[in-house]
Amino acid sequence: MISQLRPPRVPVHPKGYPSVAAYIASSPELAVFRKFCNLNARNLLNMQTELMMLESELEALDEQDADESERNDRLRSWQSVQNSTTPEDDLRKRVAYKVREKLQEYNNALVLYSQILAFEEPPKRIFEALNKWMNQDGHPARRPLIDIGDGFLGDLQDLLALTSAYRKRDPLSNFVRDHFGSFFKVVAPETEQISSPIFYYSEDRINRLSDFIALMLAARAVSDDEGKQGRDVWSHSSVRTILNPSHDVR
């Protein structure tokens, strides 16, 4: 069961990467891809080590210049290092430029990976829908992808959902979707497969029904609250009558 804001118009695509891409593009919820957590962490570790090596090299140059009074000015004036053409200053500039370049790569990678980690995992129903579609022909040899890319759904924890619309729904919309989604079917995208275990439903219609139910519940709550207030008034009057019966005699 996949949400769809409008009936998808997806032409038939050749079986393989074209058909898989078309299926994923048929609904925002199907935009599920690998995070590559291990590779991202490995890449950051490598760049971190490279920066630590440059840091150590720069600190060694600082210590060397600090011990020699005639070269001490290098530590106090970057401008003089920039204008100098001595081998020592050329080495310091090369190290500084490498640090600048590597830091930019490292910082960019950190920010990008933090953004990747902010994406949520796909819900179980989307994960299962993708697996069912990939395996709908019933035989591994007939799956749409036959290379290593076929295993991209292997680890749920290493997957991200580009859209988190399902997380943002209120509990009522989730209930309507899970129990009555089949009543809001829309035309499924055409594929080369004869049949599909997946159906699409209209997100707009479910939202309208959820809004209507919420409005009715709110109206009922207001009505019950007004009735309760009336009962409370009667109850308080009754208590006063019981505690002070002469009050009504007057």
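This text gives an overview of the structure that appears in the document.

About the criteria used
Every chain begins its residue count from 1, and numbering advances along the sequence as written. The predicted origin of the model limits local features to residues at a pLDDT of at least 70 and limits the giving and counting of side-chain atom pairs to 80 or more, whereas totals for whole chains, interfaces and linings rest on all residues. Values shown for side chains rest on all heavy atoms present in the structure; no hydrogens or waters enter the calculation. The secondary structure listing takes helices from DSSP runs of H or I that are at least 4 residues long and strands from runs of E that are at least 2 residues long, numbered from the N terminus. Only protein chains enter the area calculation, which uses a 1.4 Å probe; residues under 20% of their type maximum are buried, those over 50% are exposed, and those in between are partly exposed. By definition in these notes, contact holds between two residues if any of their heavy atoms fall within 4.5 Å. Each accessible area is a Shrake-Rupley estimate made with a 1.4 Å probe; only the visible protein chains count as cover when residues are assessed. Criterion for a salt bridge: a side-chain nitrogen of Lys or Arg within 4 Å of a carboxyl oxygen of Asp or Glu.

## Focus: the overall build of the protein
Part 1: Helix and strand counts for the protein stand at nine helices and five strands.
Part 2: Secondary structure of the protein in N-to-C order comes out as β-α-β-α-α-α-α-β-α-α-β-β-α-α.
Part 3: When burial is assessed residue by residue, the protein has 30% of its 250 residues classed as buried.
Part 4: Of all intrachain contacts in the protein linking residues separated by at least 6 positions in sequence, the fraction that spans at least 24 positions is 73%.
Part 5: Just so you have it, the protein exposes about 16,700 Å², and 57% of that area is on carbon and sulfur atoms.

## Things to note about the pattern of salt bridges
Part 1: Tallied over the entire structure, the rule returns 10 salt bridges.
Part 2: Residues R92 and D65 are paired through a salt bridge, measuring 2.6 Å at the closest nitrogen-oxygen approach. With a gap of 27 residues between them, R92 in helix α4 (residues 87-118) and D65 in helix α2 (residues 37-67) connect regions that are remote in the sequence.
Part 3: In this structure, D90 engages K93 in a salt bridge whose closest nitrogen and oxygen atoms are separated by 3.5 Å. Residue D90 and its partner K93 are both found in helix α4; the two are separated by three residues, about one turn of the helix.
Part 4: A relative accessible area of 26% means that D90 is categorised as partly exposed.
Part 5: The buried category is assigned to K93, whose relative accessible area is 11%.

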